[in-house]
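# Chains, contacts and geometry: an overview
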Amino acid sequence: MNAFSEALATAIALLATFDAALVEIVALSLRVSLSAVALATLIGLPLGAALALHRFPGRGGVLVALDALMGLPPVVVGLVVYLLLSRAGPFGVMGLLFSPAAMIIAQTLLVVPIIAALARQVVEDLWTEYEEQMRSMGAGPRQALPAMLWDARFTLTTAVLAGFGRASAEVGAVMIVGGNIDHVTRVMTTTIALETSKGDLALALALGLILIVLSLSVNGAAHAMRRHAAKGFA
Amino acid sequence: MTATATIDITGPAPPAATPPSILPLVVEDMSFAIDGRRLIDGVSLTLEAGPRTVILGPNGAGKSLLLRLCHGLLTPTGGRVTWHGAGAADTRQHQAMVFQKPVLLRRSARANVDYALKLKKIARDRRRAITDDVMARTGLAAVAETPARLLSGGEQQKLALARAWALKPQVLFLDEPTSHLDPAATAAVEAIVEDMRGDGTRIVMTTHDLGQARRMADHVAFLHKGRLLETTPAESFFERPKSGEAAAFLRGELRW
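Residues numbered from 1 in each chain as written. Chains lettered and ligands numbered in written order. Predicted model: local features only at pLDDT ≥ 70, side-chain atom pairs only at ≥ 80, totals over all residues.

### Concerning the overall build of chain A
Counted only if it meets this: In DSSP terms, a helix is any run of H or I states spanning at least four residues, a strand is any run of E spanning at least two, and both are numbered starting from the N terminus. Any residue whose C-beta has 12 or fewer other C-beta atoms within 10 Å is treated as exposed, any with 20 or more as buried, and any in between as partly exposed, C-beta atoms being built from the backbone. By definition, residues are in contact whenever their C-beta atoms, placed on the basis of the backbone, come within 7 Å of each other.
Within chain A, the regular secondary structure consists of 10 helices and zero strands. Secondary structure elements of chain A, listed N to C terminal, follow the sequence α-α-α-α-α-α-α-α-α-α. Dimensions along the principal axes, computed over C-alpha positions, put chain A at roughly 70 × 50 × 25 Å. In chain A, which comprises 234 residues, the proportion classed as buried is 39%. Put simply, of all contacts in chain A between residues at least 6 apart along the chain, 80% involve residues at least 24 apart.

### Quick notes on the overall build of chain B
What counts here: C-alpha atoms define the radius of gyration, and 2.2 Å times the number of residues to the power 0.38 defines the globule rule.
Along its length, chain B carries eight helices and nine strands. Whereas a compact globule of 256 residues would reach a radius of gyration of roughly 18 Å, chain B reaches 19 Å, a difference of no more than 12%. Projected onto its principal axes, the C-alpha coordinates of chain B cover approximately 65 × 40 × 35 Å. Split into buried and exposed, the 256 residues of chain B put 41% on the buried side. Partitioning the contacts of chain B with sequence separation of at least 6, the portion at a separation of at least 24 is 71%.

### Some points on the environment of Thr185(A)
Residue and element names in this part refer to chain A. Note that Thr185 resides in the loop between helix H8 (172-178) and helix H9 (188-198). Residues Thr185 and Gly140, spaced 45 residues apart in sequence, show a C-alpha to C-alpha distance of 46 Å. Thr185 has contacts with Phe98, Ser99, Pro100, Met103, Gly178, Gly179 and Asn180, leaving out every residue within four places of it along the chain.

### Considerations on the pairing of strand S5 (residues 95-98) of chain B
All names here are of chain B. As a reminder, the rule being used: We call two strands paired when DSSP finds no fewer than two bridges between them.
Here S5 shows a buried face lined by Gln95 and Met97 and a second buried face lined by Ala96 and Val98. Pairing geometry for S5 and strand S6 (residues 171-175), over four bridges, is parallel. Within S6, the position partnered with Ala96 by the bridge is Leu172.

### Focus on the sheet that holds strand S4 (residues 78-83) of chain B
Working definition: the strands of a sheet are paired by backbone hydrogen bonds and lie parallel or antiparallel to each other. Residue and element names in this part refer to chain B. Threshold: Between N-to-C directions, angles cover 0 to 180 degrees, with each direction set by a line fitted to C-alpha atoms, over the stretch in contact for helices.
Ordered in space as S2-S1-S4, the three strands form an open sheet in which the pairing is antiparallel. Here the strands that pair on one side only, and so sit at the sheet edges, are strand S2 (37-47) and S4. For this sheet, the mean angle separating the axes of adjacent strands, direction not counted, is 20°. Direction of pairing for strand S1 (residues 25-34) relative to S4: antiparallel, over a ladder of five bridges. What sits directly across from Glu28, in S4, is Arg80.

### Topic: helix H3 (residues 59-70) of chain A
We apply this condition: The span expected for a helix works out to 1.5 Å for each residue beyond the first.
Over its 12 residues, H3(A) extends 17 Å from the first C-alpha to the last, a length consistent with the 16 Å expected when each residue adds 1.5 Å. Here H3(A) lies mainly on the outside; zero of its 12 residues are buried.

### Looking at helix H5 (residues 100-136) of chain A
Residue and element names in this part refer to chain A. Heads up, the rule is: A residue's bend is given by the angle between axes fitted to the 7 residues ending at it and the 7 residues starting at it.
The axis of H5 is deflected most strongly, by about 55°, at Tyr130. Within H5, 26 of the 37 residues are buried, which leaves it mostly tucked inside the rest of the structure. In the segment just after H5, Gly138 is the residue with positive phi, at about 90°.

### Looking at the interface of chain B and chain A
In plain terms, the rule: The classification used treats Ala, Val, Leu, Ile, Met, Phe, Trp, Tyr, Cys and Pro as nonpolar, Asp, Glu, Lys and Arg as charged, and all other residues, Gly among them, as polar.
Tallying the contact residues gives 16 residues for chain B and 15 residues for chain A. Elements supplying a minimum of two residues to the side of chain B that touches chain A: S5 and helix H2 (109-119) of chain B. Of the residues that constitute the side of chain B that touches chain A, the class distribution is 11 nonpolar, two polar and three charged.

### Considerations on the confidence of the model for chain B
All names here are of chain B. To be explicit about the condition: pLDDT is a per-residue confidence score from the predictor, ranging from 0 to 100.
Here chain B shows a mean pLDDT of 90. Residues at 70 or above account for 93%. Low pLDDT (under 50) marks residues 1-8, which in the prediction has two contacts with non-local residues, meaning those over four places away or in another chain. Under the prediction, the complex receives an ipTM of 0.87, its pTM being 0.85.

### Considering unusual backbone geometry
Residue and element names in this part refer to chain B. Across the junction of Leu23 and Pro24, the peptide omega takes the value 5°, indicating a cis bond. Structurally, Pro24 can be placed in the segment before S1. In the Ramachandran plot, Asp35 falls in the positive-phi region, its phi being about 50° despite a non-glycine side chain. The topology assignment puts Asp35 in the loop between S1 and S2.

### So, the sheet that holds strand S8 (residues 219-224) of chain B
Residue and element names in this part refer to chain B. Strand order across the open sheet formed by six strands is S5-S6-S7-S3-S8-S9, with mixed pairing between neighbours. Each edge of the open sheet carries a strand with a single partner, namely S5 and strand S9 (227-233). Put simply, the sheet's adjacent strands are angled 15° from each other on average, direction ignored. Both strand S3 (residues 53-56) and S8 contribute to a ladder of four bridges, which runs parallel. Note on S8: the bridge partner recorded for Ile55 is Ala221.

### Some thoughts on the nonpolar core
Residues and elements named next belong to chain A. Rules: As used throughout, a nonpolar core is a set of buried Ala, Val, Leu, Ile, Met, Phe, Trp, Tyr and Cys residues joined through C-beta atoms within 7 Å of each other.
Of all hydrophobic cores here, the largest spans 131 residues; its most connected members are Ala106, Ile115, Ala119 and Val177. Per-element accounting of this core gives the leading share, 20 residues, to H5. Not counting the four nearest positions on each side in its chain, Val177 is found in contact with Gly78, Val81, Tyr82, Leu85, Leu97, Ala102, Met103 and Ala106.

### A few points about the packing of helix H2 (residues 20-53) of chain A against helix H6 (residues 141-151) of chain A
All names here are of chain A. Applied cut-off: Between 65 and 115 degrees an angle is taken as roughly perpendicular, under 35 as roughly parallel, over 145 as roughly antiparallel, and anywhere else as oblique. The crossing is said to be left-handed when, going from far helix to near helix, the turn is anticlockwise and less than a right angle, and right-handed when the turn is clockwise.
It is at 10 Å that the axes of H2 and H6 come closest, and there the two elements cross at 130°. The pairing of H2 with H6 is recorded here as oblique in orientation. Two packed elements cross with a definite hand, and for H2 against H6 that hand is right-handed. Residues Leu45, Ala49, Ala50 and Leu53 of H2 form the contact with H6, whose own contacting residues are Pro141, Ala144, Leu145, Met148 and Leu149. A class-by-class count of the residues in the contact of H2 with H6 yields nine nonpolar, no polar and no charged.

### Quick look at the packing of helix H4 (residues 153-166) of chain B against helix H5 (residues 183-198) of chain B
Residue and element names in this part refer to chain B. Orientation of H4 relative to H5, taken along the N-to-C sense of each, is 10°, at an axis distance of 9 Å. Considering their axes alone, H4 and H5 lie roughly parallel with respect to each other. Packed against H4, whose contacting residues are Gly153, Gly154, Gln157, Lys158, Leu161 and Trp165, the element H5 presents Ala185, Ala188, Val189, Ile192 and Met196 at the interface. A breakdown of the residues in the contact of H4 with H5 according to their chemical character gives seven nonpolar, three polar and one charged.

Shown next, in the form of structure tokens:
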């Protein structure tokens, strides 16, 4: 118990003094996860909206697959990206393995299904309300798609936040494709795993506290967004 | 918004040339069935340019379906719907519909009108002039920047009409546009429809409100259980309905 309170005191000291190692790790974590979520948003929102608005053979299967991919274990995504980027893999020549870029790719793959599946649901619900009016004005699914995304913007923000929550919290994928190399690919979650196994709890605890605050902020923002949306703007 | 060098105070530019009419609309032996149930059954009807047609009938008669089939939102399962006018090559551009419950985009009132014009690929300056014009004519200028979803029910339906008006439709379909509105808002909506007719728009509307039908109909099409029982000038319909069902409906005694 004494060891724990000592670790907690050190952790708070690290946070209070903006410890250089700590700041470096947090900055890389945010860079990787925010980049991944930005990419996943660019891919996932139009993809989800297109799936919501278009009817094609095999659509049911695609939707089931998309929902299933939402729950994909990060280690599996990590393994797949590892195989693709390793020297012998199809993209091996690019030399991306064990780099932040590889981590961004892995997290993007992890987050796209979440954003796309949630966006699909949201836009499909909205389309049942809008379809007749849109078609009456001469807009088919293709023309209506941008307006559908815009009109669902507040609810879609919560989908993006859910994606960020997933990216910033996962450890399996970034561990495998990043390798947890000090000063290069060490992020918050991989550091916590490593330092805890080493018995060095102070840094792990400090990072854990930051992750908790981050998670609270993301969910607070999502909650505020839903309340705003309920007011009638969205 | 960027500063513009000139401000348009002249209102919308006059149309370059009146496009050829898409009317008449000819409906031949049209049916619409879902799971074998005939909801519209062998309806034949011709809508010429000019007078206002009110489709009357009790709940469940198929009034809304008939309107959607004419507007092209639904495809008939039997028979044909054809526009026969000289401009019939491009019918979608020249008709509009206002629904019972207005569907408004989640943006400002004027942006709703602007969006409909943008779909028609109208240039920005023209869009602004047309939007200002219809907002003023429908009495919505003061709430133009208000989010459409925060408007009152009456204002929302007026905005739906403004959006339709901006498109300068040759034919406007209205599906019970006042059934959710109070008498004042109903009167305002009827006045706007009347103004649109003055602008040359052919009005086709459904209602189950006999008072409204008397006020607004030149012709009445009476629908009962998916069948068109009569199409007659309004006066003779209200004085001497031909079918027993219509007479019962006017007495408020129709059972279905």
